[in-house]
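# Working through the structure, step by step
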Amino acid sequence: ETGVTQSPTHLIKTRGQQVTLRCSSQSGHNTVSWYQQALGQGPQFIFQYYREEENGRGNFPPRFSGLQFPNYSSELNVNALELDDSALYLCASSLAVAGGNNNEQFFGPGTRLTVL
Amino acid sequence: GQQLNQSPQSMFIQEGEDVSMNCTSSSIFNTWLWYKQDPGEGPVLLIALYKAGELTSNGRLTAQFGITRKDSFLNISASIPSDVGIYFCAGQHSLDKLIFGTGTRLQVFP
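Scope of this entry: the structure provided in the associated data block. (Residues numbered from 1 in each chain as written. Chains lettered and ligands numbered in written order. Predicted model: local features only at pLDDT ≥ 70, side-chain atom pairs only at ≥ 80, totals over all residues. Heavy atoms only, no water.)

### Quick notes on the overall build of chain A
A count of helical and extended segments in chain A gives zero helices and eleven strands. The C-alpha atoms of chain A give 14 Å as radius of gyration, which agrees with the globular expectation for 116 residues (13 Å, within 12%). The principal-axis extents of the C-alpha atoms in chain A amount to approximately 45 × 30 × 25 Å. Once local pairs closer than 6 in sequence are excluded, the contacts in chain A between residues at least 24 apart make up 55%. Here chain A contributes 7 positive and 9 negative side-chain charges, whose respective centroids are spaced 8 Å apart. (Helix = DSSP H or I, 4+ residues; strand = E, 2+ residues; numbered from the N terminus. Rg over C-alpha atoms; globule rule 2.2 N^0.38 Å. Contact = heavy atoms within 4.5 Å. Lys, Arg positive; Asp, Glu negative; His and termini not counted. Charge placed at Lys NZ, Arg CZ, Asp CG, Glu CD.)

### Observations concerning unusual backbone geometry
Note: most residues except glycine have negative phi, and most peptide bonds are trans. For the bond running from Ser7(A) to Pro8(A), omega is -10°, close enough to zero to count as cis. By secondary structure assignment, the location of Pro8(A) is in the loop between strand E1 (5-7) and strand E2 (10-13). The omega torsion of the bond from Ser7(B) to Pro8(B) falls at -5°, within 30 degrees of zero and hence cis. Positionally, Pro8(B) belongs in the loop between strand E1 (5-7) and strand E2 (10-14). Not every positive phi belongs to a glycine, and Glu52(A) is a case in point at roughly 65°.

### Considering the sheet that holds strand E7 (residues 61-65) of chain B
All names here are of chain B. Spatial ordering of the open sheet is given by E1-E3-E8-E7-E6, a layout of five strands whose pairing is antiparallel. A strand with exactly one partner marks an edge of an open sheet, and here the two such strands are E1 and strand E6 (55-58). Taken pair by pair, the neighbouring strands of this sheet meet at an average axis angle of 15°, ignoring direction. Strand direction decides the pairing type here: E6 and E7, joined by four bridges, are antiparallel. What sits directly across from Ser 57, in E7, is Thr 62. (Pairing = 2+ DSSP bridges. Axes fitted to C-alpha atoms, helices over the stretch in contact; angles between N-to-C directions.)

Below is the structure:
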């Protein structure tokens, strides 16, 4: 069984640039969630993708967008980068089952984004 | 963004001691989860709880889902050096977002 993988591991960008982060879900999982973790904080929910559509969104502006592909992998795109976007970006995958009431999320190692 | 209240913020203990940390919320949750995060890594799921009052163990770890559904605790018995890390609680209302706590940083001295 393959766990959640993310790429790249580290990235440095400048203000105003755009960035794309990638995530491959754990085998057998159909749902991907993205989180932003600032230094010294707990992860903050950005959005979730299920069946290639956004399925819930946290308090993040529209310049944070995403995609999910038919193989359940996902991308997080951030436009017009700001200094405060510097953080660890975590992807988590899970298996959503119709009628189910639990959704254990398993995290990847994250992408460390630095905006200068 | 919203974060759950987690305490203590940090703990410095000797190897072999027991550890207890808890998490409280102003709203109820359907699921509570506990994660451990090492530096430079993503959080690793330790225990998931699905019913109010549920007590679940995973080796030396024991967690409980509070009866009010607004709190949870995690105990670690007989701590060892590899227990070092940051422990996060997370609550879940529905099948999307997890709301994380502020974290408890655990340091274990030999």
